[in-house]
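The lines below spell out each chain.
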Amino acid sequence: MEDQILIATERLVKHYPMGKHLFTALNDITITFKSREFTGLVGPSGSGKTTLLNIIGALDSPTRGLVRVMGQDTGTLSHKQAARLRSIYLGFTFQTYNLLPVYTVYENVEFPLLLLDMAPAQRKKAVLQALEWVGLMDKQKSRPSQLSGGESQRVSIARAMVKAPKIVLADEPTANLDAANSHNILQMMIKLNEELGTTFIFASHDDKVIGYLKRKITLTDGKVVEDARMDLPEGRNTC
Ligand SMILES: Nc1ncnc2c1ncn2[C@@H]1O[C@H](COP(=O)(O)OP(=O)(O)OP(=O)(O)O)[C@@H](O)[C@H]1O
Ligand SMILES: [Mg+2]
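For clarity, every value in this text was computed on a predicted model and none was experimentally measured.

Asker: Tell me what's going on with the sheet that holds strand β6 (residues 90-93), and back it up with residues and numbers.
Answerer: Strands belonging to one sheet form pairs held by backbone hydrogen bonds; the direction of such a pair is parallel or antiparallel. Sheet architecture is open: six strands sit in the order β6-β7-β8-β3-β9-β10, paired in mixed fashion. Since the sheet does not close on itself, it has two edges, and those belong to β6 and β10 (223-229), each with one partner. Ignoring strand direction, the axes of neighbouring strands in this sheet form an average angle of 15°. When β6 meets strand β7 (residues 167-171), the two strands line up parallel, connected through four bridges.

Asker: Report on the nonpolar core, specifying residues and quantitative values.
Answerer: Counting residues in hydrophobic clusters, the biggest one holds 35 residues, and the most contacted among them are Val-109, Ile-157, Met-189, Phe-200 and Phe-202. The set of elements that each furnish at least two residues to this core consists of β3 (38-42), α3 (105-114), α4 (120-133), α5 (149-161), β7, α6 (179-195), β8 (199-203) and α7 (207-210). The element best represented in this core is α6, accounting for six residues. Apart from residues no more than four positions distant in its own chain, Phe-202 is found in contact with Phe-38, Thr-39, Gly-40, Leu-41, Ala-170, Pro-173, Met-189, Val-209 and Leu-213. Formed by 28 residues, the second largest nonpolar core is a distinct cluster that contains Phe-33, Leu-169, Ile-201 and Ala-203.

Asker: Kindly report on α5, identifying the contributing residues and their values.
Answerer: Since the α-helix turns once every 3.6 residues, residues separated by three or four places project in the same direction. A rise of 1.5 Å per residue sets the reference length of α5, with its 13 residues, at 18 Å; its end C-alpha atoms lie 19 Å apart and thus fit the reference within 8%. Buried residues dominate α5, accounting for 12 of its 13 residues. Within α5 the residues assigned to the buried category are Gly-150, Glu-151, Ser-152, Gln-153, Arg-154, Val-155, Ser-156, Ile-157, Ala-158, Arg-159, Ala-160 and Met-161. Where the residues of α5 are buried, they touch β6, α3, α4, β7, α6 and β8.

Asker: Please set out the packing of aromatic side chains residue by residue, giving values where relevant.
Answerer: Summed over the entire model, instances satisfying the criterion amount to five aromatic pairs. Taken together, a centroid distance of 5.0 Å and an interplanar angle of 70° make the contact between Phe-38 and Phe-202 edge-to-face. Residue Phe-38 is found in strand β3, and its partner Phe-202 is found in strand β8; the two are separated by 164 residues along the sequence. Pair check on accessibility: Phe-38 and Phe-202 agree, each one buried.

Asker: Describe the side chain of Thr-39, listing the residues and the values that go with them.
Answerer: On the secondary structure map, Thr-39 appears in strand β3. Among the polar contacts made by the side chain of Thr-39, one reaches the side chain of Glu-37 at a distance of 2.5 Å.

Asker: So, the packing of α5 against α6: which residues are in play, and what are the values?
Answerer: Across the interface, α5 lies against α6 with an axial gap of 12 Å and an inter-helix angle of 10°. Between α5 and α6, the interaxial angle falls into the category roughly parallel. Together, Arg-154, Ile-157 and Met-161 of α5 and Asn-181, Ile-185, Met-188, Met-189 and Leu-192 of α6 make up the contact between the two elements. Along the lines of polarity and charge, the residues of the contact of α5 with α6 split into six nonpolar, one polar and one charged.

Asker: Residues and numbers for the coordination of the magnesium ion (ligand 2), please.
Answerer: Distances from the magnesium ion (ligand 2) to its protein donors, Thr-50 (OG1) and Gln-95 (OE1), fall within 2.0 to 2.4 Å. Here the residue Thr-50 occupies a position in helix α1 (residues 49-56), and Gln-95 occupies one in the loop between β6 and α3, the gap between them amounting to 45 residues. On the basis of relative accessible area, Gln-95 is assigned to the partly exposed category, the value being 42%.

Definitions and limits used
- Residues numbered from 1 in each chain as written.
- Chains lettered and ligands numbered in written order.
- Predicted model: local features only at pLDDT ≥ 70, side-chain atom pairs only at ≥ 80, totals over all residues.
- Heavy atoms only, no water.
- Pairing = 2+ DSSP bridges.
- Helix = DSSP H or I, 4+ residues; strand = E, 2+ residues; numbered from the N terminus.
- Axes fitted to C-alpha atoms, helices over the stretch in contact; angles between N-to-C directions.
- Core = buried A, V, L, I, M, F, W, Y, C linked by side-chain atoms within 4.5 Å.
- Buried < 20%, exposed > 50% of the residue type's maximum accessible area, 1.4 Å probe, protein only.
- Contact = heavy atoms within 4.5 Å.
- Expected span 1.5 Å × (residues − 1).
- Phe/Tyr/Trp six-rings, centres within 6.5 Å; stacked < 30°, edge-to-face > 60°.
- Polar contact = N/O pair within 3.5 Å; in protein donor to acceptor, adjacent residues only side chain to side chain.
- Parallel < 35°, antiparallel > 145°, perpendicular 65-115°, else oblique.
- Nonpolar A, V, L, I, M, F, W, Y, C, P; charged D, E, K, R; others polar.
- Donors = N, O, S within 2.8 Å, 3.2 Å for Na, K, Ca; no water.

Okay, structure coming up:
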């Protein structure tokens, strides 16, 4: 089966106001991502990785240029349509976790499923499976304020993965994890990539993540300076 283009950007530019001037966070980015990718955005802090992920995920809009997700130009969507696109196709793990503080771990992970038409028993099964993936079965009833940074990060990963989305946008997903948890979570992501064909787009500084990438896109000052296919480590199937 030929890989399908899931995301395409055309001449994407993002400016932020900075005093009397404009700061260019993304500078003319034209790029496509296909199904089954396991791709990383790398580059120095401030190079635009989070900005690009947020715009790809229709959480933020570009100053110029366009983004197509599943063939839809996200600039033409209403808030409601963009929310629906995200809820059907996209899972996010945020650099700052963005957990809902009044909800328990279980409820945070369940949250994306409430937007989908899913039977309660099926929903419960999916939440427990996601909590098991990230090793947090014993923290189901805790609230985010009672969690360590690494545990919060794992809740954010479980929430992104729970609906087995077609595309996962993962912003520094291992930044606060110890070696064992990073390893387990990466193995789980690789398995989903190989077995379900889930597309992963990471922003990462972590060599452990970078070592498993099929494709590495390097950003500097908001520009793509390199887009490279990677040799996969032994034991990793090519797709
Ligand atoms: N809301 C904002 N207002 C103004 N400037 C912003 C805003 N968001 C990001 N920036 C600037 O845009 C640039 C790119 O930020 P971004 O968060 O995309 O970087 P990054 O590559 O993800 O960095 P890191 O590796 O530190 O996470 C930075 O210089 C940042 O200060
Ligand atoms: Mg970032």
